[in-house]
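Residue strings, one per chain:
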Amino acid sequence: MQKPEVAGFYDPRTGSIQYVVSCPKTRNCAIIDPVLDFDEKSGTTASTNATIILDYIEDNDLKLEWILDTHPHADHFSAASYLKAKTGAPTAIGEHVTAVQQIWKDIYNWHDFACDGSQWDRLFRDGDTFNIGELEVRVMHSPGHTLASITYVVGDAAFIHDTLFMPDGGSARADFPGGSAASLWQSIQDILSLPEETRLFTGHDYMPQGRQALWESSVAEQRRKNPHVAGQSRRDFIGLREARDRILPMPKLILHALQVNIRGGELPPIEENGRRYLKIPLDALSGSAWGA
């Protein structure tokens, strides 16, 4: 089995992990789920995370071949558009992003927004394969957290985004528009059907019990240690997940981030005064738990 080199970059502001996965032979690489920094209190954007990743690529003599997102994120802005402008590398996401675009087009009341995925260079279907250097990448459609979520399987590594967290962190929420606990259960089963030594790289870590940030586990560890998986039936999981989601407040940036991320990470257009503006719909996610 091919063994790619994987570097994880943790963003403490959002609990997100960004990845560079590279081919040891050719030194070609891909970036997965990059973060564009955003401070909601001041409205400031920055490229700190993206620059750290680009510096790593340069320092290790890597050649960027792909900029990949696993899904349209609800807790941070994607840096895909920024990185494409800096490097010229193509961007990609799963084909079902068009369904997510349609949901959020209606929420934002964007009459002329194109819900065709044209904001990315490639839309992957379930079962598609492509290469990073000599590494073959297989795409798995992994819905549940969102309709569009996909997993990238690269040799002995799988980038599983918001499906399972580290074993002590359980599973991802499934209550966003278009989400489904039943679909998430099936996606988790598909991931756990990979060889037990497969390295699993999660999309978030919230440091349970105050431990340091972690992001790599294995299929065997998840089967054995994750309380949302070990000993759980489909019915048990759905009940557990839906009960938990009912009391979780929405991510603080969901209404900010989706209007950027369904555009492939492109920020809103500059207006005549030279500034960009976000549009925040009121009462669009009614019934959600209130945050502290």
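Structure's up top.
Residues numbered from 1 in each chain as written. Predicted model: local features only at pLDDT ≥ 70, side-chain atom pairs only at ≥ 80, totals over all residues. Heavy atoms only, no water.

Peer 1: Mind showing me how you'd approach the pairing of strand β12 (residues 150–154) here?
Peer 2: Along any regular strand, the residues point their side chains to alternate faces of the sheet. Of all five residues making up β12, five are buried, and the element is well covered by its neighbours. Both faces of β12 are covered, namely the face carrying I150, Y152 and V154 and the face carrying T151 and V153. As judged from the five bridges shared by strand β11 (residues 135–141) and β12, these two strands associate in the antiparallel manner. Counterpart to H141 in the pairing with β12 is I150. Here β12 pairs with strand β13 (residues 157–161) via three bridges, running antiparallel. Note on β13: the bridge partner recorded for V153 is A158. (Buried < 20%, exposed > 50% of the residue type's maximum accessible area, 1.4 Å probe, protein only. Helix = DSSP H or I, 4+ residues; strand = E, 2+ residues; numbered from the N terminus. Pairing = 2+ DSSP bridges.)

Peer 1: Explain the side chain of N261 here, please?
Peer 2: By the element assignment, N261 lies in helix α7 (residues 254–261). Excluding residues within four positions of it along the chain, N261 makes contact with P72, H73, H76, F77, S78 and W120. (Contact = heavy atoms within 4.5 Å.)

Peer 1: Honestly, the packing of helix α4 (residues 181–191) against helix α6 (residues 234–246) in this entry has me stumped. Any pointers?
Peer 2: Each packed pair of helices is defined by two parameters, the angle between the axes and the distance between the axes. For the pair α4 and α6, the least separation of the axes is 9 Å and the interaxial angle reads 125 degrees. Taken together, α4 and α6 sit at an angle that is classed as oblique. Every pair of crossing elements has a handedness; the one defined by α4 and α6 is right-handed. For the pair α4 and α6, contact is made by A181, A182, L184, W185 and I188 and by R234, F237, I238, R241 and E242, respectively. Broken down by class, the residue content of the contact of α4 with α6 amounts to seven nonpolar, no polar and three charged. (Axes fitted to C-alpha atoms, helices over the stretch in contact; angles between N-to-C directions. Parallel < 35°, antiparallel > 145°, perpendicular 65-115°, else oblique. Left-handed = near helix turned anticlockwise from the far one by under 90°. Nonpolar A, V, L, I, M, F, W, Y, C, P; charged D, E, K, R; others polar.)

Peer 1: Whenever I open this one, empty space enclosed by the protein confuses me. Can you help?
Peer 2: A water-sized probe, rolled over the atoms, reveals where empty space remains. In total, this model carries two cavities of 30 Å³ or more according to the counting rule given. In this structure, the largest cavity occupies an estimated 80 Å³ of space. Every residue along the wall of the largest cavity is listed here: P72, H73, A74, V100, W104, T146, F176, P177, I254 and L258. Mapped onto the lining of the largest cavity, the elements with two or more residues apiece are α3 (97–108) and α7. Taken together, the residues of the lining of the largest cavity break down into eight nonpolar, two polar and no charged. The volume enclosed by the second largest cavity comes to roughly 40 Å³. In terms of residue class, the lining of the second largest cavity is built from one nonpolar, six polar and two charged. (1 Å grid on protein atoms, 1.4 Å probe; cavity = no way out; pocket = protein on both sides within 12 Å on 5 of 7 lines; lining within 4 Å. Points joined across faces, edges and corners; volume = space filled by probe spheres on them.)

Peer 1: How should I be thinking about the layout of surface pockets in this particular structure?
Peer 2: Roughly 730 Å³ of volume is contained in the largest pocket. Lining the largest pocket are 27 residues, with D75, R173, Y206, L248 and P251 positioned closest to its centre. Looking at the second largest pocket, its volume works out to about 450 Å³. As for the second largest pocket, its lining consists of 19 residues, and the residues nearest its centre are M250, L255, L285, S288 and A289. For the lining of the second largest pocket, the residue count by class is 12 nonpolar, five polar and two charged.

Peer 1: Would you explain the state of the cysteines in this entry?
Peer 2: Here is the idea: a disulfide is a covalent bond, and it sits between the sulfur atoms of two cysteines. In the structure shown here, the tally under the stated rule is zero disulfides. With no disulfide of its own, C23 lies closest to C29 among cysteine sulfurs, the gap being 10 Å. (Disulfide = S-S within 2.5 Å.)

Peer 1: What am I meant to see in the packing of aromatic side chains here?
Peer 2: Tallied over the full model, the rule gives 16 aromatic pairs. Here F124 and Y152 contribute two aromatic rings whose centre-to-centre distance is 6.1 Å and whose plane-to-plane angle is 85 degrees, an arrangement assigned as edge-to-face. Placement of the pair is F124 in strand β9 (residues 122–124) and Y152 in strand β12, with a sequence separation of 28 residues. F124 sits in the buried class, given a relative accessible area of 1%. (Phe/Tyr/Trp six-rings, centres within 6.5 Å; stacked < 30°, edge-to-face > 60°.)

Peer 1: Which parts of the structure should I look at to understand the sheet that holds strand β3 (residues 28–32)?
Peer 2: Within a sheet, each strand pairs with its neighbour through backbone hydrogen bonds, oriented either parallel or antiparallel. With mixed pairing, six strands are arranged side by side in an open sheet as β1-β2-β3-β6-β8-β9. For this open sheet the edge positions go to β1 (5–11) and β9, each flanked by a neighbour on one side alone. Strand-to-strand, the axes of this sheet are offset by a mean angle of 25 degrees, without reference to chain direction. Inspection of the sheet shows strand β8 (residues 91–94) paired to β9 by three bridges, in the parallel sense. The partner of I93 across the bridge, within β9, is L123.

Peer 1: When you look at a negative patch on the surface in this model, what are you seeing that I'm missing?
Peer 2: On the surface, D55, E58, D59 and D61 cluster together into a negatively charged patch. You can see D59 is positioned in helix α1 (residues 48–59). (Patch = residues over 30% accessible without salt bridge, like charges linked within 9 Å, V, L, I, M, F, W, Y side chains within 5 Å. Areas by Shrake-Rupley, 256 points an atom, 1.4 Å probe, with all protein chains shown as cover. Salt bridge = Lys/Arg side-chain N within 4 Å of Asp/Glu carboxyl O. Lys, Arg positive; Asp, Glu negative; His and termini not counted. Charge placed at Lys NZ, Arg CZ, Asp CG, Glu CD.)

Peer 1: Would you take a moment to explain the pairing of strand β6 (residues 63–68) for this structure?
Peer 2: As defined by bridge partners, β3 adjoins β6 across five bridges and the pair is classed as parallel. Paired with I31 across the strands is I67, a residue of β6. Pairing analysis gives two bridges linking β6 to β8, with the strands arranged parallel. The residue bridging L68 from the neighbouring strand is A92, located in β8.

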